[in-house]
Amino acid sequence: MGKLQSKISRSSLKYRTEIHVEGEPPSQIVQQYNPAHSDAVTSLATLTSDLSVSGGKDKAVVIYNWRLGIMKRRFQGHEQGVTKVTCVFGSERVFSASRDKRVTMWKVDHSPEAAQEFAGHSLVVTGLAVSPDGIKLCTGSRDNTICLWDVETGVCLQTSAISRNLVTHLCWVPRGPYIVQTSEDKQIRVWDSRALQVAHEFPVKQYIQTHCDVNQDGHYCLTSSNGFGGQGCEATNV
């Protein structure tokens, strides 16, 4: 599948002519917006139906009104590129993780300064998830640890470490205490945040799992992999 996708991508430049068939409405013009970042965008989250949150290699966190094509806020404070952003839909708080080993909380309509910082990982932070009620924050890192934090105080409540558990993504299950995590060890783990212990492990996948997400009723989890050498690119329902 990976080779087929690559072939299509290389040959797509030959098919750029726009064809309009008489009697059919003309295709809509795609709105072009000004870039929100000066370097690659590394993470994206939805804050409201109009606002998105993005983080980039330019060390910035941006709140963007995608309907109007207007930047609402731009937060600077990380010393290295942003790896993850997350938020509770409809809230005023957004969270960002970075290669500088720190996680920062920002308030959308308040000071441009950080509202809270969460420092404790010894390597780049690569997983970030906030509880549905916005009270707790879970972070994961390439240092093999998962940490649970109190959002208001910035205090680390619990830490758990598993050998070779290089975290790639975290996702909090809606309306529940569980957190789904993917890792470079090809594992998909479900953590119980009440004790920060592994509640379930799915069978080991063939390739490194890079991302995970859970549907609104919490019954289905979707994970993805970038495969290896152009082979095995997949998205699987576990």
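In this text, all values refer to a predicted model and were calculated from it rather than measured experimentally.

Q: Please clarify how the sheet that holds strand E14 (residues 178-183) should be interpreted in this entry.
A: Strands belonging to one sheet form pairs held by backbone hydrogen bonds; the direction of such a pair is parallel or antiparallel. Pairing within the open sheet is antiparallel, and its four strands lie in the order E13-E14-E15-E16. Lying at the two open borders of the sheet, with one neighbouring strand each, are strand E13 (167-172) and strand E16 (197-201). Neighbour-to-neighbour, the strand axes of this sheet turn through a mean angle of 30°, independent of strand direction. Two strands pair when backbone bridges link them, and E14 and strand E15 (residues 188-192) are joined in this way by five bridges, in the antiparallel orientation. Bridging from a neighbouring strand, valine 180 pairs with valine 190 of E15.

Q: Whenever I open this one, the pattern of salt bridges confuses me. Can you help?
A: Think of it this way: side chains of opposite charge can pair up when their charged atoms draw near. On inspection of all chains with the given rule, the structure shows ten salt bridges. Put simply, aspartate 109 and lysine 72 hold a salt bridge, and the shortest N to O gap is 3.5 Å. Pair noted here: aspartate 109 is in the loop between strand E7 (102-107) and strand E8 (116-119) and lysine 72 is in strand E4 (residues 70-76), with a separation of 37 residues, a long-range link. Take lysine 72: its relative accessible area is 39%, and that puts it in the partly exposed class.

Q: Explain the packing of aromatic side chains here, please?
A: Counted by the stated rule, this structure contains four aromatic pairs. Taken together, a centroid distance of 5.0 Å and an interplanar angle of 25° make the contact between phenylalanine 75 and tryptophan 106 stacked. Here phenylalanine 75, found in strand E4, pairs with tryptophan 106, found in strand E7; they are 31 residues apart in sequence, far enough to count as distant. Plain terms: the ring middles of phenylalanine 95 and phenylalanine 118 are 6.4 Å apart, the flat faces sit at 50° to each other, and that makes the pair tilted. Residue phenylalanine 95 is found in strand E6 (residues 93-98), and its partner phenylalanine 118 is found in strand E8; the two are separated by 23 residues along the sequence.

Q: Whenever I open this one, unusual backbone geometry confuses me. Can you help?
A: Here the phi dihedral of arginine 164 falls at roughly 70°; this positive angle occurs in a residue that is not glycine. Inspection of the secondary structure puts arginine 164 in the loop between strand E12 (156-161) and E13. Residue classification places arginine 164 among the exposed residues on the basis of a relative accessible area of 63%. Unusually for a residue other than glycine, lysine 186 sits at a positive phi of about 75°. Secondary-structure assignment places lysine 186 in the loop between E14 and E15.

Q: Help me understand the side chain of threonine 145, please; the structure alone is not making it clear to me.
A: When you line up the elements, threonine 145 lands in strand E11 (residues 145-150). On the accessibility criterion, threonine 145 (14% relative accessible area) is buried. Within the structure, threonine 145 has its side chain in polar contact with the side chain of histidine 121 (distance 3.1 Å). Not counting residues up to four positions away in its chain, the partners in contact with threonine 145 are His121, Thr139, Gly140, Thr159, Ser160, Ala161 and Val167.

Q: For this particular structure, what's the right way to read the confidence of the model for the protein?
A: Low pLDDT means the predicted coordinates in that region are not meant to be read closely. Looking at the protein, pLDDT values average 87 and 87% of them are 70 or higher. In this model, residues 1-21 is a region of pLDDT below 50 whose contacts with residues beyond four sequence positions or in other chains number five contacts.

Cut-offs applied
- Residues numbered from 1 in each chain as written.
- Predicted model: local features only at pLDDT ≥ 70, side-chain atom pairs only at ≥ 80, totals over all residues.
- Heavy atoms only, no water.
- Pairing = 2+ DSSP bridges.
- Helix = DSSP H or I, 4+ residues; strand = E, 2+ residues; numbered from the N terminus.
- Axes fitted to C-alpha atoms, helices over the stretch in contact; angles between N-to-C directions.
- Salt bridge = Lys/Arg side-chain N within 4 Å of Asp/Glu carboxyl O.
- Buried < 20%, exposed > 50% of the residue type's maximum accessible area, 1.4 Å probe, protein only.
- Phe/Tyr/Trp six-rings, centres within 6.5 Å; stacked < 30°, edge-to-face > 60°.
- Polar contact = N/O pair within 3.5 Å; in protein donor to acceptor, adjacent residues only side chain to side chain.
- Contact = heavy atoms within 4.5 Å.
- pLDDT = per-residue confidence, 0-100.

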